[in-house]
Amino acid sequence: MPFYSMMNLSASRRPSISYRPIQPTDLEVLVKIHGDLFPIRYEIEFFHNVVNGRDIVSWGAVDRNRPNGESDELIGFVTARIVMAKESEIEDMLRFDKSRSDQTLVYILTLGVVESYRNFGIATSLIREVIKYASNIPNCRAVYLHVISYNNSAIHLYQKMSFLCVRRLHAFYYIDNQHYDAYLFIYYVNGGRSPCSPLELVTLLVTYMRRGLKLITARVWKNGPKRVKYRDKGCLLPMTENKRNITIEGAETDHV
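We now turn to the structure provided with this report. What you see is a predicted model, and the numbers here were worked out from it, not measured in a lab.

Moving on, we get to the overall build of the chain. Broken down by element type, the chain carries 6 helices and 8 strands. For the chain, the N- to C-terminal ordering of α and β elements is β-α-α-β-β-β-α-β-α-β-β-α-β-α. Per-residue burial over the chain gives 43% buried out of 256 residues. Here the contacts in the chain between residues at least 6 apart in sequence split such that 74% fall between residues at least 24 apart. Carbon and sulfur atoms make up 53% of the accessible area of the chain, which totals about 14,300 Å².

See the structure below:
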């Protein structure tokens, strides 16, 4: 199957984008696009699970105006999985009835659009498909995902779509013998919400600032006048030590 045409969209032709579930015939193209877009390599089992719908839901984007019989070939995709809220890493970021064992979340695994088809709103539309899917599950409370810290375009996209950046994860990713931080984004659905109201969040931040000021003051008085140095973390989000080696798990990635 030819792949070169995916990267050579004619400027004179406007694409006609439509969306459909990913299917077994997409396997070869799906593997190729992941290899082109992401800095990691996924196990073939992951792709088989995607195309066969084994515990993974997915949507593909195609350009119906593509010639030479390629009008149904993938030019973008999103994959996701339903997880139990009680067993998720973001349980503490949700306010829900913990006595109910059926509360779920939708976790976005991978999202990508081939380079020549960017800036057509395809990624936005794919994310909306996931949000609509999650909203139609009565016991689902949120959609969430991780974004590698240097992927500014993805961070901007999720912020624009009203995802909340709730946590920074130190050294979360391990790629090519190097650690990278990640941001955790959440989009609440079906009445799901943060355990803290806006007022509670402000109060919590003020409390932490006061405690920090008192601690610094106490140390200065105890040790005598010293020059206190501050290092800007660049983020007020809480840090955790939850690390993930994505070269092994093959189900996490930075989103584009």
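Moving on from the coordinates now.
With that settled, the discussion passes to the layout of surface pockets. As a volume, the second largest pocket reaches approximately 350 Å³. When residues of the lining of the second largest pocket are traced back to their parent elements, those giving at least two are α3 (122-135) and α4 (152-160). Per-element accounting of the lining of the second largest pocket gives the leading share, 4 residues, to α4. By residue class, the composition of the lining of the second largest pocket is 7 nonpolar, 5 polar and 2 charged.

Before going further, it helps to spend a moment on the packing of aromatic side chains. Taken as a whole and assessed by the stated rule, the structure comprises 13 aromatic pairs. For the ring pair Tyr42 and Phe47, a centre distance of 5.9 Å and an interplane angle of 75° mean the geometry is edge-to-face. Judged by centre distance (5.2 Å) and plane angle (50°), the ring pair of Phe163 and Tyr187 falls under tilted. Highlighted residues: Phe163 in the loop between α4 and β6 (164-175) and Tyr187 in strand β7 (residues 178-188), separated in sequence by 24 residues. Taking relative accessible area as the criterion, Phe163 reaches 3% and is therefore assigned buried. Through successive ring pairs, a cluster of aromatic residues spans Phe38, Tyr42, Phe46, Phe47 and Phe77.

Another aspect to go through is α3. For α3, with 14 residues, the first-to-last C-alpha span of 20 Å sits near the 20 Å given by 1.5 Å per residue. Along α3, the residues classified as buried are Ile122, Ala123, Thr124, Leu126, Ile127, Val130, Ile131 and Ala134.

We now examine the environment of Asp55. Looking at the secondary structure, you find Asp55 in the loop between α2 (44-51) and β2 (57-63). Between the C-alpha atom of Asp55 and that of Ile82, which follows or precedes it by 27 residues, the distance is 7.5 Å. Once residues within four sequence positions are removed from consideration, Asp55 is found in contact with Ala80 and Arg81.

On to the side chain of His146. Take His146: it is sitting in strand β5 (residues 140-148). Of note is the side chain of His146, whose polar atom sits 3.0 Å from the side chain of Glu89. Side-chain polar atoms of His146 contact the side chain of Tyr107, separated by 2.7 Å.

This next bit is on the environment of Thr79. Among the secondary structure elements, Thr79 is positioned in strand β3 (residues 74-84). A relative accessible area of 1% means that Thr79 is categorised as buried. Apart from the residues lying within four places of it in its own chain, the contact partners of Thr79 are Phe46, Val50, Ile56, Val57, Ser58, Tyr107, Ile108, Leu109 and Thr110. Here Thr110 takes part through its side chain, which lies 2.7 Å from a polar atom of the side chain of Thr79.

Reading guide: rules and limits
- Residues numbered from 1 in each chain as written.
- Predicted model: local features only at pLDDT ≥ 70, side-chain atom pairs only at ≥ 80, totals over all residues.
- Heavy atoms only, no water.
- Helix = DSSP H or I, 4+ residues; strand = E, 2+ residues; numbered from the N terminus.
- Buried < 20%, exposed > 50% of the residue type's maximum accessible area, 1.4 Å probe, protein only.
- Contact = heavy atoms within 4.5 Å.
- Areas by Shrake-Rupley, 256 points an atom, 1.4 Å probe, with all protein chains shown as cover.
- 1 Å grid on protein atoms, 1.4 Å probe; cavity = no way out; pocket = protein on both sides within 12 Å on 5 of 7 lines; lining within 4 Å.
- Points joined across faces, edges and corners; volume = space filled by probe spheres on them.
- Nonpolar A, V, L, I, M, F, W, Y, C, P; charged D, E, K, R; others polar.
- Phe/Tyr/Trp six-rings, centres within 6.5 Å; stacked < 30°, edge-to-face > 60°.
- Expected span 1.5 Å × (residues − 1).
- Polar contact = N/O pair within 3.5 Å; in protein donor to acceptor, adjacent residues only side chain to side chain.

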